[in-house]
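The residues making up each chain are set out below.
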Amino acid sequence: MKKSTKSKAKVSKTIDSKEMLLAMEELEKENGMEPGSLLESIETALITAYKRDCDSTADNVKIIVDKETGEFHVFAEKEVVEEVEDENIQISLADAKKVNKALEIGDTAQIEVMPKNFGRIAAGTAKQVIVQKIREASREYLFNEFSDRKGEIVSGLIQKADGGIVIIDLGRLEGVMPLKEQVPTETYKVNDKLRAYVLGVEKGTKGAPQVIISRAHADFVRKLFELEIPELSDGSVLLYSVARDAGNRSKVAVYSENPNIDPIGACIGEKGSRIAHIIEELHGEKIDIVRYDKDPAVFIENALSPAKNLTVAITDPKKQEAMVIADG
């Protein structure tokens with residue numbers, strides 16, 4: 001069975017102090033990274049740096065960062081053979097015995113080497129890896145965090161509004177509102193505060209997550225109702241559906257399974273206070289609140305209110321088609 005024995009010769013440079021290793025552990029915890037992942041990434045990057053700056057043909061190099069001291073060690077792995085044909089990857093038994101007497105033919109000897117100036121290269125490489133990995137982990141953390149906030153309302157200051165996309169500052173991320181998610185009747189100005197509905201999160205071209213937001217989506221109105229009307233939160237009033245022509249009019253169908261509760265009155269609020277707050281947020285967009293009914297004909301008649309003297313006939317239930325006749 002082959003044995004792998006490291007050279008006892010101590011040739012090392014300090015890449016980071018023990019305090020830095022502890023700091024790396026804290027960074028991993030804060031950013032939701034796997035324990036030891038930073039150190040593993042640094043070791044991999046150091047091998048690439050070694051091949052680039054010291055020996056491009058060294059396929060047998062191995063670099064290990066000491067988890068206790070922060071020192072790094074560069075090893076050349078060589079097979080112990082009777083006769084050396086390639087000194088880059090092989091070592092004679094006699095020379096191997098000088099490193100470690102326990103080595104035998106067929107074993108792998110790890111000979112520690114330290115190229116000149118590699119300590120400086122390693123320190124710079126480690127710093128780059130830490131910065132890159134923390135940035136990647138932070139982006140992934142934010143992506144997951146805002147993915148969980150899909151369907152919520154967020155607010156921030158407008159950073160960009162030039163007639164195309166609108167960008168708002170959400171703190172650690174940007175909210176991007178495409179043209180199709182904007183309300184035609186609204187005007188967006190830089191530094192104005194804006195509330196919007198989170199449609200989802202996408203990864204941008206450079207990997208940074210972007211929160212896609214909307215003010216035109218029907219669910220923006222639905223969410224505003226849920227935030228403003230306590231009865232919707234506790235379930236005593238139910239919101240059946242929302243139909244919206246953004247900037248012009250929305251129709252909201254509500255109902256209650258409790259005969260003692262007026263769902264429309266609950267949404268309007270005392271002296272219209274609740275609905276007024278929603279209309280204000282929608283910049284004056286008209287809102288019709290209608291009573292949902294399990295009977296499609298009754299529901300359609302309610303939805304067409306205040307029109308009166310209507311005759312509703314369901315012509316094709318499967319296609320959800322109906323004919324409405326208005327009398328005079």
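Definitions and limits used
Residues numbered from 1 in each chain as written. Predicted model: local features only at pLDDT ≥ 70, side-chain atom pairs only at ≥ 80, totals over all residues. Heavy atoms only, no water. Helix = DSSP H or I, 4+ residues; strand = E, 2+ residues; numbered from the N terminus. Salt bridge = Lys/Arg side-chain N within 4 Å of Asp/Glu carboxyl O. Buried < 20%, exposed > 50% of the residue type's maximum accessible area, 1.4 Å probe, protein only. Phe/Tyr/Trp six-rings, centres within 6.5 Å; stacked < 30°, edge-to-face > 60°. Patch = residues over 30% accessible without salt bridge, like charges linked within 9 Å, V, L, I, M, F, W, Y side chains within 5 Å. Areas by Shrake-Rupley, 256 points an atom, 1.4 Å probe, with all protein chains shown as cover. Lys, Arg positive; Asp, Glu negative; His and termini not counted. Charge placed at Lys NZ, Arg CZ, Asp CG, Glu CD.

### What to know about the environment of Glu145
- Tracing the backbone shows Glu145 in helix H4 (residues 118–147).
- When the C-alpha atoms of Glu145 and Val201 are compared, they prove to be 9.6 Å apart, with 56 residues separating the residues in sequence.

### Quick notes on the pattern of salt bridges
- Under the defined criterion, the tally for this structure stands at 14 salt bridges.
- Here Arg195 makes a salt bridge to Glu281, at a shortest N to O gap of 3.5 Å. One end of the pair, Arg195, is in strand E10 (residues 193–203); the other, Glu281, is in helix H8 (residues 273–281), and 86 residues separate them in sequence.
- On the accessibility criterion, Arg195 (30% relative accessible area) is partly exposed.
- Ionic pairing is found between Glu281 and Arg215, a salt bridge with its closest N-O pair at 2.8 Å. Residue Glu281 is found in helix H8, and its partner Arg215 is found in the loop between strand E11 (209–214) and helix H5 (218–228); the two are separated by 66 residues along the sequence.
- Taking the relative accessible area as the measure of exposure, Glu281 reaches 17% and is therefore buried.
- Since its relative accessible area comes to 1%, Arg215 is described here as buried.
- One salt-bridge network, held together by shared partners, links Glu186, Arg195, Arg215 and Glu281.

### Focus: the packing of aromatic side chains
- Considering all chains together, one arrives at four aromatic pairs under this definition.
- On the basis of an interplanar angle of 20° and a centroid distance of 3.8 Å, the ring pair of Tyr240 and Tyr292 is categorised as stacked. Placement of the pair is Tyr240 in strand E12 (residues 238–245) and Tyr292 in the loop between strand E14 (286–291) and helix H9 (296–303), with a sequence separation of 52 residues.
- By relative accessible area, Tyr240 is classed as partly exposed at 41%.
- Exposure remark for Tyr292: the relative accessible area of 18% places this residue in the buried category.
- For the pair Tyr255 and Tyr292, a centre-to-centre distance of 5.1 Å together with 55° between the ring planes defines the contact as tilted. Remark: Tyr292 occurs in the loop between E14 and H9 and Tyr255 occurs in strand E13 (residues 249–255); sequence separation between them is 37 residues.

### Comments concerning a negative patch on the surface
- Residues Glu82, Glu83, Glu85, Asp86 and Glu87 make up a contiguous surface patch of negative charge.
- Taking the relative accessible area as the measure of exposure, Glu87 reaches 60% and is therefore exposed.

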